[in-house]
Amino acid sequence: LHPPARPGLPLPLALYGAERRNSRGVDLACQAEREPLFAALRSAAVPPVAEATPEQVAQAMQQLHAQCERWDAVPVTERAAVLRRAGDALESALPEFCGLLVREAHKVMADAVSEVRETVDFLRYYAAQAEQRLVPLTLPGPTGESNQLHLRGRGVFVCISPWNFPLAIFTGQVVAALVAGNPVAAKPAEQTPAVARRMVELLHQAGIPREVLQLLHGPGETVGAALVRDARCAGVAFTGSTQVAKLIQRSLAEKDGPIVPLIAETGGINAMVVDSTALPEQVVDAVVQSAFRSAGQRCSALRLLCVHDRIADGVLEMLGGAMHELVVGDTSVWATDVGPVIDAEAHEGIGRQLVRLDREARLIARTPVPEGLNGHYIAPVAYELQRIADVRQEIFGPVLHVVRWGGAEGPTLDALIQQINTLGYGLTLGVQTRIDGRAHQIAERARVGNVYVNRNMIGAVVGVQPFGGEGLSGTGPKAGGPHYLPRFCAEQTVTINTAAAGGNATLLAGGF
Ligand code: UN1
């Protein structure tokens, strides 16, 4: 792949061909280059971390608050330079971080490589965006007046991140808040503290002062809640469940002090609409990638396949075949497609939903899982339901719901889109069609943040496919997009009567 040049913006590593090359053109897929990844995996240690006490939370917020003016006064070019240094350091440390991601977050190696590269992309993209967009904007005005729009830091930002992208989302939130001029209290997911700790170390080494970025480990119910409730918290960036986003919103509304913005990116019951002209092979490839890669533990993942009745039987048969070919297993083996889910609690929760689906839905296919695996494995599975209204909730695992549309019994395309919108989420939507213009018609009517046509619907590329949703899926702005950084800032318009200085002097000289 040869990505197109983009003036002033870095080329995302993610565009260099899936898991193949880094920005120096090193082929990561050849065995010799893979060996360092597996060597790093063998030596990766995941040491325990200590949970922050209420006193430590309060002390961190106090220290961060004391840094607000100083950090905001650092020129944006200097803050951006730190992000670039961190990006280079992270690219060099790719094997080490992959090792941590496989060990701690149970990622398959290909997903770990993608995640490190996405994180490097966030660092470089936000550095470039900061220099382009976080500068004063001179606005036209009448003669004798100057108007400038400044973007300044808001104050202490609290960043609460999930376990499914413990490096990319964690770092993306934190460095966006930092480069925009805010000191940051970062609370990573409880399941993945070690990746976050190592990344914060790297950011400190790259030049983010220790007092300006503080890491607080612990559960959301205690540490997260205390950070959000703190009167010095001037903004929250959160990625996780819709339910917790709403709890945070409530807590922000009820606390003393200023009105505080929430940037939330949550879940989705993401659909793919397959019409009768779609190419079955392409559909099945996209479905397998979107529903089962990363064991379905992506908010972007496909949950609801809506396939036209006329081609449904063929597509579902082929899907069953493809699902039998998936390799479920040990994440330290390169050929593994699907690893375990994050922990016992996730395994149990998904298991409960599967019991219900076994009762209420028709099983289409289930990927065989080898005996004796050590970990919380869920076999990728697809079920057919009668109607969209039977889909109860987002299941954060490798579980696909399928419904038919069109034909004598099913909804029309218009009704289908309406039903998808009625679910209330609005993150990703896949469309598979060979009819010119149909994808645009669907995109116009679907209330979702990201539409993917004739391809898979995961793995948004930083700076190329800005990512984020609507409705129950989040508040926007889109991560990895041009409007993200300004949302971390306070805007200030400065209007100066440039004719006034002399005039006032005359008045004063003339005396009152
Ligand atoms: C998430 O899973 O919380 O496009 C969001 C993608 C990823 C999704 C991250 N950027 O698949």
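Residues numbered from 1 in each chain as written. Predicted model: local features only at pLDDT ≥ 70, side-chain atom pairs only at ≥ 80, totals over all residues. Heavy atoms only, no water.

S.K.: Which parts of the structure should I look at to understand the site of the ligand?
M.R.: Lining the immediate environment of the ligand, one finds 13 residues, of which Arg298, Cys299, Ser300, Gly459 and Ala460 sit closest. At a separation of 2.6 Å, an oxygen atom of the ligand approaches a polar side-chain atom of Ser300. Interatomic distance of 2.7 Å between a backbone N/O atom of Gly459 and an oxygen atom of the ligand. Classifying every residue of the shell around the ligand by side-chain character gives six nonpolar, four polar and three charged. (Near = heavy atom within 4 Å. Polar contact = N/O pair within 3.5 Å; in protein donor to acceptor, adjacent residues only side chain to side chain. Nonpolar A, V, L, I, M, F, W, Y, C, P; charged D, E, K, R; others polar.)

S.K.: Would you explain the side chain of Asn147 in this entry?
M.R.: Positionally, Asn147 belongs in strand S2 (residues 145–153). A distance of 2.6 Å separates the side chain of Asn147 from the side chain of Thr495, its partner in a polar contact. Setting aside residues up to four positions removed in sequence, Asn147 forms contacts with Leu137, Thr138, Leu139, Pro140, Gly141, Val494 and Thr495. (Helix = DSSP H or I, 4+ residues; strand = E, 2+ residues; numbered from the N terminus. Contact = heavy atoms within 4.5 Å.)

S.K.: How do you make sense of the packing of helix H4 (residues 76–92) against helix H6 (residues 109–133) when you look at a structure like this?
M.R.: At a minimum axis separation of 8 Å, H4 and H6 run at an interaxial angle of 165 degrees. By the angle between their axes, H4 is roughly antiparallel relative to H6. Considering the relative orientation of H4 and H6, their crossing is left-handed. When H4 is examined against H6, the residues Val76, Thr77, Ala80, Leu83, Arg84, Ala86, Gly87, Asp88, Leu90 and Glu91 are found in contact with a partner set consisting of Val116, Thr119, Val120, Leu123, Arg124, Tyr126, Ala127, Ala128, Ala130 and Glu131. (Axes fitted to C-alpha atoms, helices over the stretch in contact; angles between N-to-C directions. Parallel < 35°, antiparallel > 145°, perpendicular 65-115°, else oblique. Left-handed = near helix turned anticlockwise from the far one by under 90°.)

S.K.: Whenever I open this one, the packing of helix H7 (residues 168–179) against helix H8 (residues 193–206) confuses me. Can you help?
M.R.: The description of two packed helices rests on the angle between their axes and on the distance between the axes. Contact pair H7 / H8: the axes reach a minimum separation of 10 Å and the direction vectors enclose 35 degrees. Remark: the crossing between H7 and H8 carries right-handed chirality. Taking contact as the criterion, the partners of Phe170, Thr171, Val174 and Val175 in H7 are, on H8, Ala196, Met199, Val200 and Leu203. A breakdown of the residues in the contact of H7 with H8 according to their chemical character gives seven nonpolar, one polar and no charged.

S.K.: Hey, could you run me through the environment of Ile378 in this one?
M.R.: Structurally, Ile378 is set in the loop between strand S10 (362–366) and strand S11 (381–384). For Ile378, a relative accessible area of 6% corresponds to the buried category. Taking C-alpha positions, Ile378 is 8.0 Å from Ala295, a pair spaced 83 residues apart along the chain. In this structure Ile378 touches Val341, His347, Ile350, Leu354 and Pro398, once residues within four positions along its chain are discounted. (Buried < 20%, exposed > 50% of the residue type's maximum accessible area, 1.4 Å probe, protein only.)

S.K.: What exactly am I supposed to notice about the UniProt feature "active site" (unreviewed entry) in the chain here?
M.R.: If you check UniProt for "active site" (unreviewed entry), the listed places come out as Glu265 and Cys299 in our numbering. These annotated residues cover 35 residues of sequence, but their C-alpha atoms sit close together, with the largest distance between any two at 8.8 Å. Secondary-structure assignment places Glu265 in strand S7 (residues 262–265). When near neighbours in sequence (up to four residues on either side) are disregarded, Glu265 contacts Phe238, Thr239, Gly240, Cys299, Leu427, Phe467, Gly468, Ser473 and Gly474. Turning to its location among the elements, Cys299 is positioned in the loop between helix H11 (280–292) and strand S9 (302–308). (UniProt positions renumbered as here; feature names shortened; annotations may be inferred.)

S.K.: How do you make sense of the packing of aromatic side chains when you look at a structure like this?
M.R.: Aromatic rings in a pair are described by how distant their centres are and how their planes are angled relative to each other. Here the structure, examined in full by the defined rule, presents seven aromatic pairs. With centroids separated by 5.8 Å and ring planes inclined at 55 degrees, the aromatic side chains of Tyr125 and Tyr126 adopt a geometry described as tilted. With a relative accessible area of 3%, Tyr125 lands in the buried category. Each ring, one from Phe157 and one from Phe488, has its centre 4.8 Å from the other, and the planes form 40 degrees; the classification is tilted. Residue Phe157 is located in strand S3 (residues 156–160), and its partner Phe488 is located in the loop between strand S14 (450–453) and strand S15 (489–497); the two are separated by 331 residues in the primary sequence. Pair check on accessibility: Phe157 and Phe488 agree, each one buried. Members of the aromatic cluster, connected to one another through ring pairs, are Phe122, Tyr125, Tyr126, Phe157, Tyr484 and Phe488. In this structure, Arg79 is placed above the aromatic ring of Trp71, and the distance from its NZ or CZ to the ring centre is 5.9 Å. Sitting over the face of the ring of Phe165, Lys107 holds its NZ or CZ atom 4.2 Å from the ring centroid. (Phe/Tyr/Trp six-rings, centres within 6.5 Å; stacked < 30°, edge-to-face > 60°. Lys NZ or Arg CZ within 6 Å of the ring centre and 35° of its normal.)

S.K.: Looking at this structure, how should I read the pattern of salt bridges?
M.R.: Two side chains with opposite charge may pair up if their charged atoms get near one another. Per the counting criterion, the structure on display carries 21 salt bridges. The salt bridge involving Glu91 is made with Arg124; its shortest N-O contact spans 2.7 Å. Placement of Glu91 in helix H4 and of Arg124 in helix H6 is noted, with a sequence separation of 33 residues between them. The exposure classification of Glu91 matches that of Arg124, with both residues buried. Because the salt bridges share partners, they merge into one network encompassing Asp309, Asp313, Arg362, Glu384 and Arg404. (Salt bridge = Lys/Arg side-chain N within 4 Å of Asp/Glu carboxyl O.)

S.K.: For this particular structure, what's the right way to read the sheet that holds S2?
M.R.: Strand order in the open sheet made by the three strands is S1-S2-S15, with antiparallel pairing throughout. Each edge of the sheet is formed by a strand with only one pairing partner; in this case those strands are strand S1 (137–139) and S15. Strand-to-strand twist in this sheet, taken as the mean axis angle between neighbours without regard to direction, amounts to 25 degrees. Strand direction decides the pairing type here: S1 and S2, joined by three bridges, are antiparallel. (Pairing = 2+ DSSP bridges.)

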